Number of protein chains: 4
Amino acid sequence: MSDLDVVQLAPTPEQLRYTFGAAEPLITVRPGTVVELATEDCFGGRVRSAEDLPSQVCEFPYLNPVTGPIAVEGAEPGDTLAVHLVDIAPARDWAVSATFPHFGALTATHSTAMLHEPLEEVVWVYEVDRDRGTCLFRPRRGGPEIELPLDPMHGTIGVAPAGGEVFASITPGAHGGNMDTPEMRAGTTAYFGVNVPGGLLSLGDGHCRQGEGEVCGTAVEAAMRTVVVVDLIKGGGPAATQPWPRIESDEFLMSTGSTRPLEDAYRVSQHDLVTWAAELTGWDSLDAYQLVSQAGLAPAGNVVDTNYTMVAKLAKRFLGRDAVVADGTHDRLRSTASAYLSQR
Amino acid sequence: MSDLDVVQLAPTPEQLRYTFGAAEPLITVRPGTVVELATEDCFGGRVRSAEDLPSQVCEFPYLNPVTGPIAVEGAEPGDTLAVHLVDIAPARDWAVSATFPHFGALTATHSTAMLHEPLEEVVWVYEVDRDRGTCLFRPRRGGPEIELPLDPMHGTIGVAPAGGEVFASITPGAHGGNMDTPEMRAGTTAYFGVNVPGGLLSLGDGHCRQGEGEVCGTAVEAAMRTVVVVDLIKGGGPAATQPWPRIESDEFLMSTGSTRPLEDAYRVSQHDLVTWAAELTGWDSLDAYQLVSQAGLAPAGNVVDTNYTMVAKLAKRFLGRDAVVADGTHDRLRSTASAYLSQR
Amino acid sequence: MSDLDVVQLAPTPEQLRYTFGAAEPLITVRPGTVVELATEDCFGGRVRSAEDLPSQVCEFPYLNPVTGPIAVEGAEPGDTLAVHLVDIAPARDWAVSATFPHFGALTATHSTAMLHEPLEEVVWVYEVDRDRGTCLFRPRRGGPEIELPLDPMHGTIGVAPAGGEVFASITPGAHGGNMDTPEMRAGTTAYFGVNVPGGLLSLGDGHCRQGEGEVCGTAVEAAMRTVVVVDLIKGGGPAATQPWPRIESDEFLMSTGSTRPLEDAYRVSQHDLVTWAAELTGWDSLDAYQLVSQAGLAPAGNVVDTNYTMVAKLAKRFLGRDAVVADGTHDRLRSTASAYLSQR
Amino acid sequence: MSDLDVVQLAPTPEQLRYTFGAAEPLITVRPGTVVELATEDCFGGRVRSAEDLPSQVCEFPYLNPVTGPIAVEGAEPGDTLAVHLVDIAPARDWAVSATFPHFGALTATHSTAMLHEPLEEVVWVYEVDRDRGTCLFRPRRGGPEIELPLDPMHGTIGVAPAGGEVFASITPGAHGGNMDTPEMRAGTTAYFGVNVPGGLLSLGDGHCRQGEGEVCGTAVEAAMRTVVVVDLIKGGGPAATQPWPRIESDEFLMSTGSTRPLEDAYRVSQHDLVTWAAELTGWDSLDAYQLVSQAGLAPAGNVVDTNYTMVAKLAKRFLGRDAVVADGTHDRLRSTASAYLSQR
């Protein structure tokens, strides 16, 4: 494994970023580099007990910090960044969740504006047991405590947007961002179309686990120690035909769509998956539409952020034997990850 | 099994119904009765080859026929019908799917009105191999053929609506109807609030399998031979607090919401699941909101019908040991089903 | 005026209906008949003071009563009913409005389900001065009183739906129903596609006036004494190409769309107006799309009912001199109305 | 008028900007300054004949250029910019409109993704007669030509967003931007909450006129010679309670909401208008909700951009005699405009 480039990235508080776009890269890496990085939780680590109400201890716009940007040598618009998530480990033995005034799916918000007073702001502190792989839900007002399995993931991951736009890290879109899908777990490879030289990858908002839709607006929020392999696909990758983020696991292909209303997020994700399936198999687009209609999955990502996210998901085995994504990038990065892990 | 009431219901073509509400019951059964019934496919069996274009061989409003209504003795508004799906078996060795002009999620429709010409109308005929448990996708214009596992379910199941309304069988809502969720498979128990005396259960629209969202508008459509146990929960059931259809499997509780836009279907389903979880555990509603946020699933049902359907899904094990739904109705009906199947 | 057929229709409380579809006609009239009719307010006249909270004095589904159905001799599916609104006069010297739990645009509702408690239920009683043509807004908790001009209209007007469906009178759709647009005032002609023999016109839900969108959920609700001319256009009318309700005034053509989300209601209404403009002028559909883009208006009807309503509106003068709707039906009915009014 | 500050701003092509946020101010003015400025059309002036298809002659992201930013001395976050539109005059004797692939309300778009081919791309060139105050619609494929009255306005006007975000000029939001409402005409005062020092006003996208909703995606697009008065309200202005753009004319107060779905844009605009009306009159928020429900107007702004815009509109006379907005800023700027115009 002498040929593995491994770099560390642990930003100081001042180096944390709150947008995609605009920021200068913290580091520049060669394609294929393993990056060991640290991310803060979505509250910047300021919510530590039930008394730390987010609306009091956090200050807009200093929410949802991301680690990065990481520039990739040689990345140009039209290329695709492939980011393999090797490991995502909670950094502390606790994590938090909360309701937040006018944020969430079952409350009036700034966009779904209503005359209601906000729901009560409540914080839940979870005990995280990394050995047993669990986090403990303690209801605030009685009833059973529930041990939930850890399923760590990153809510926020993406690149600099196109057209000189700069988006708050809380906004998901074609550049990635705060998609808040539990599918973004270790073992998957995420693909992002490159919009600016270097691509400028950032990530954060680690979750010990998250329900689909993230209905109350926050997950089991945790600082993370995360390892990724950052790779580059020159030209002709996903971005060439469809600029929405894609995810590949050993078993599934996944397309994302992040917009409003939720049916449009569904349409974007399904359209991309249909297009992708047609490309990989040689099917006509209506044939691919048909196959996805019968074999596709459609879990919600988030229904709470500034844009909503839907995931369109298809088992690779339903594409036949000859379908290969990006010349086997996922398998290759899987191998790199194995090499890294076996040596760590 | 001498104590099992078993009745058959195989409607003639003239007895097929196309609405929920308005129709007189075809049969009346006692609570606990096993009903062996036949359902036609959504095209009324008229689409049998690639040349049978649905828009030519079918006639509005004679689409999506349902079998029923089945009246349940003693059912009154405020009660809940519990319908356990014992078995759903394709009736033929073929099934069909199709695009249909201005129907589907990736096409202009009558509601999402646009100036585009309709997408091409295409029919796919699937070979169904009941022994191997598969159906075969054959692309119309080249590329790999794919064998898909059978996962039979009913797209349409529900009761007479409240308030004297009558809905086309293609419309899902609080009464159930055309929810088109793959979760409506054998082994589950569906709960419907009773709105009129007898409840008036109908079902149809069998699918050999279906992707989440049913993106092209139709599934692998098949006539079915289906067995259900129909039971009655007097008062105080789900309908007492929340009139949306619910589903219970051995592992999961599921709430449905069917409306537009899709985020409102999500909200309805999540709100019901949060309310349900609070009732079963004694949690405060904000505590239930928190638990569902971290442990819930949110797959799309359909994003193509007159209303869209989302499913909110929670593993029962995350509710603690004391949570029991409707005094164990699901387990009891499971036993009835086992008794029936062992004797068949 | 010896040739004017004039009939009266003042239903007893038992004769009031709460749905479109299903009901037998109260009367049958010949095309061209003037009907003098009485309508109750949306609360069935039960809310008469600030103490009469609608949720306490009204009972679901006995809300929003309509007068009718009125069958039209010779009306068959494919024909169009033309309903000219001659006069709409408040029947009493008071009218009411109210917030209603979980109803309105700035509150959680059954569809936009949230965990909020309902907004406070409040009733406003308006003094109606028919001579001065005003109604008086009295704030309940201080601040200026405001005299508003009367602009009487019917929130609910439509025909029996297609396909055997029956909709609550509170639901707007392709059959008309509770569109709640202030454009439905005296002097206009409304067009409805006929779905069943006789057409079966019903109307109610009179408003002394209403803002666009009806944001709190109710208007200045009043029983009305209303006069309409009911006419029939055989074949080839609006219903032949597009079944959504249309409205014609001396100056404007208007198309309606009633569905969710609101952009789909906008799309339906604009699509119909573009199609209609193309038919009347001979423009290509893209040319009509262009003209409507520059000259059309798009006020909200309601954003509170079970479906939302948008109106697409175009001044007739922007269609050129040769554009004539339905062989001049509106002008002809205008003349009938004048003859009736001059003689009353 | 010796006390009138009048400055000119005519950017070179290189000085045109395509975003809100990020750019350095072109000029800095004192509050109360009259600015005579030039804006290019949304195509950057490159579409000049029916043969100049926008998708061929324009290049992403160089669309919808704006003139600015204009910094205002002393403007700080929490303040409000008041921008009075004195005059908006077409700069040329022609203007253009077009369909654009996958853009518009009656076509599949990148957000409302579908499998349709784009609608045909067509350009319409309008003759502009500034003396007669008309622009001439010439259908491309026959049918009547229509002379439309000029009603010049700016589709795009706004300030730098909060939180370091940078939005494409085509995106409307809380910062203003591409709201595309015909209400933004001469004689009105627009209010924007200040998010960054100087406020950083930019405007462009002049329209000779526009229908509500801008259904095909483009208006009668024209370069403009525009005069504005830029003023500053220190603290306690609209931004203090609600950061969405507001508009005041001699007769109306208007609130805007720009988001998706369209009902949320409606909610935002109505919520702001209710809040504003309550502030100006002393009404309780439910009383204001009631008055707006009966007297408010709700025209669509745009239903085609990256966010949709609704306008909530209320005649000032329905607020009583004592309601005064921002200490009479509109009347004061009206006087400044009169002084300027009388001297020009």
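Residues numbered from 1 in each chain as written. Chains lettered and ligands numbered in written order. Predicted model: local features only at pLDDT ≥ 70, side-chain atom pairs only at ≥ 80, totals over all residues. Heavy atoms only, no water.

**Student:** Teacher, can you tell me more about the overall build of chain A here?
**Tutor:** Each helix and strand in chain A was counted, giving five helices and 19 strands. What you see for chain A is a C-alpha radius of gyration of 19 Å, in line with the 20 Å of a compact globule of 344 residues. Dimensions along the principal axes, computed over C-alpha positions, put chain A at roughly 55 × 45 × 40 Å. Residue pairs at least 24 apart in sequence account for 76% of intrachain contacts in chain A once pairs closer than 6 positions are excluded. (Helix = DSSP H or I, 4+ residues; strand = E, 2+ residues; numbered from the N terminus. Rg over C-alpha atoms; globule rule 2.2 N^0.38 Å. Contact = heavy atoms within 4.5 Å.)

**Student:** Is there a simple way to explain the interface of chain C and chain D in this structure?
**Tutor:** Note on interface size: it is often stated as the accessible area lost on association of the parts. Facing the 67 residues of chain C at the interface are 67 residues of chain D. Summing both partners gives a buried area of about 5,200 Å² for chain C against chain D, and 61% of it is carried by carbon and sulfur. With a shortest N-O distance of 3.4 Å, Asp284(D) and Arg141(C) are connected by a salt bridge. Remark: the boundary between chain C and chain D carries 46 residue pairs in polar contact (both at pLDDT 80 or more). In terms of residue count, the dominant contributor to the side of chain C that touches chain D is helix H4 (residues 285-295) of chain C (nine residues). The residue makeup of the side of chain C that touches chain D, split by class, is 36 nonpolar, 20 polar and 11 charged. (Buried area = accessible area lost by both parts, 1.4 Å probe. Salt bridge = Lys/Arg side-chain N within 4 Å of Asp/Glu carboxyl O. Polar contact = N/O pair within 3.5 Å; in protein donor to acceptor, adjacent residues only side chain to side chain. Nonpolar A, V, L, I, M, F, W, Y, C, P; charged D, E, K, R; others polar.)

**Student:** Can you help me understand helix H5 (residues 329-343) of chain D in this one?
**Tutor:** Helical geometry note: an α-helix holds 3.6 residues per turn, so side chains three or four residues apart project in the same direction. Residue and element names in this part refer to chain D. Its 15 residues give H5 an end-to-end C-alpha distance of 21 Å, which sits within 8% of 21 Å, the value for a rise of 1.5 Å per residue. Along H5, the residues classified as buried are Thr329, His330, Leu333, Thr336, Ala337 and Tyr340. Taken around the axis of H5, the buried residues stretch over an arc of 120°, which confines them to a single face. Those residues of H5 hidden inside the fold are in contact with strand E1 (6-9), strand E4 (33-39), strand E6 (80-90), strand E14 (189-193), strand E16 (224-233) and strand E17 (246-248). (Expected span 1.5 Å × (residues − 1). Buried < 20%, exposed > 50% of the residue type's maximum accessible area, 1.4 Å probe, protein only. Arc of directions from axis to C-beta.)

**Student:** Would you explain the packing of aromatic side chains in this entry?
**Tutor:** Any pair of aromatic rings gets described here by the distance separating the centres and the angle formed by the planes. In this structure the tally under the stated criterion is 14 aromatic pairs over all chains. Relative to Phe137(B), the ring of Trp283(A) has its centre 5.5 Å away and its plane inclined at 85°; by these criteria the two rings are edge-to-face. Taken together, the positions of Trp283(A) in the loop between helix H3 (262-281) and helix H4 (285-295) and Phe137(B) in strand E9 (residues 134-137) put the pair across two chains. Comparing Trp283(A) with Phe137(B), the two get one shared label, buried. Of the aromatic side chains, those joined through ring pairs into one cluster are Tyr126(A), Phe137(A) and Trp283(B). Taking the ring centre of Phe252(A) as reference, the NZ or CZ of Lys313(A) above it sits at 4.7 Å. Seen from the ring of Trp276(C), Arg246(C) lies directly overhead, with NZ or CZ sitting 4.4 Å from the centre. (Phe/Tyr/Trp six-rings, centres within 6.5 Å; stacked < 30°, edge-to-face > 60°. Lys NZ or Arg CZ within 6 Å of the ring centre and 35° of its normal.)

**Student:** Mind showing me how you'd approach unusual backbone geometry here?
**Tutor:** Residues apart from glycine generally show negative phi values, whereas peptide bonds are mostly found in trans. Cis geometry is adopted by the peptide bond preceding Pro261(B), which originates at Arg260(B) and carries an omega value of -10°. One can find Pro261(B) in the loop between strand E18 (252-259) and helix H3 (262-281). Here the amide bond leading from Gly68(D) into Pro69(D) is cis, since omega sits at -5°, within 30 degrees of zero. Residue position: Pro69(D) is located in strand E5 (residues 66-72). In this structure, Asp180(C) is a non-glycine residue whose phi angle is positive, near 50°. Within the secondary structure layout, Asp180(C) lies in the loop between strand E13 (176-177) and strand E14 (189-193).

**Student:** Got a minute to help me understand the interface of chain A and chain B in this structure?
**Tutor:** Of the residues lining the interface, 67 residues belong to chain A; the matching set on chain B comes to 67 residues. Across the interface of chain A and chain B, roughly 5,200 Å² is buried in total on both sides, 61% from carbon and sulfur atoms. Across the contact surface, chain A and chain B share two salt bridges. At the surface where chain A touches chain B, the tally comes to 46 residue pairs in polar contact (both at pLDDT 80 or more). With nine residues, H4(A) is the single largest residue contributor to the side of chain A that touches chain B.

**Student:** Please clarify how the sheet that holds E6(D) should be interpreted in this entry.
**Tutor:** Two orientations exist for strands paired in a sheet by backbone hydrogen bonds: parallel and antiparallel. Residues and elements named next belong to chain D. What the eight strands build is an open sheet, ordered E1-E4-E16-E6-E14-E17-E18-E19; its pairing is mixed. The open sheet has two free edges, formed respectively by E1 and strand E19 (308-315), since each of these has just one partner strand. Each strand axis lies, on average, 25° off the axis of its neighbour in the sheet, ignoring direction. Bridge count between E1 and E4: four bridges; the pairing is parallel. In the strand pairing of E4, Val7 is matched with Val35. Relative to the sheet, H5 contacts E1, E4, E6, E14, E16 and E17, its axis offset from that of E6 by approximately 35°. (Pairing = 2+ DSSP bridges. Axes fitted to C-alpha atoms, helices over the stretch in contact; angles between N-to-C directions.)

**Student:** Got a minute to help me understand the relation of the copies chain C and chain D in this structure?
**Tutor:** The pair of chain copies shares a relation made of a rotation about an axis and a shift along it. For these two chains of identical sequence, chain C goes onto chain D by a turn of 180° and a shift of 0.0 Å along the axis, with RMSD 0.0 Å. Classification of the inter-copy transformation places it as that of a two-fold axis. Every residue of chain C has its C-alpha some distance from the rotation axis, and the shortest such distance is that of Pro299(C), at 2.1 Å. Taken together, the interface assignments show that 100% of the residues at the interface of chain C recur at the interface of chain D, consistent with an identical surface on both copies. (Least-squares fit on C-alpha atoms with pLDDT ≥ 70 in both.)

**Student:** Help me understand the side chain of Thr107(A), please; the structure alone is not making it clear to me.
**Tutor:** Along the chain, Thr107(A) falls in the loop between strand E7 (94-98) and strand E8 (123-129). Judged by its relative accessible area of 1%, Thr107(A) is buried. Reaching out from Thr107(A), the side chain makes a polar contact with the side chain of His116(C) at a distance of 3.2 Å. Aside from chain neighbours lying at most four places away, what touches Thr107(A) is His102(A), Leu119(A), Tyr289(B), Met114(C) and His116(C).

**Student:** Just to check I follow, could you spell out the pattern of salt bridges for this structure?
**Tutor:** Any two side chains of opposite charge can pair if their charged atoms end up close together. All chains considered together, the criterion is met by 76 salt bridges over all chains. Residue Arg260(A) is joined to Asp264(D) by a salt bridge in which the shortest nitrogen-to-oxygen separation is 3.9 Å. With Arg260(A) in the loop between strand E18 (252-259) and H3 and Asp264(D) in helix H3 (residues 262-281), the pair connects residues from two separate chains. Given the relative accessible area of 2%, Asp264(D) is considered buried. Across the pair Glu248(B) and Lys316(B) runs a salt bridge, and its minimum N-O distance is 2.8 Å. Of this pair, Glu248(B) sits in strand E17 (residues 246-248) while Lys316(B) is found in the loop between strand E19 (308-315) and helix H5 (329-343), placing the two residues 68 residues apart along the sequence. Members of the salt-bridge network, linked through shared partners, are Asp151(A), Glu183(A), Arg185(A) and Lys313(A).

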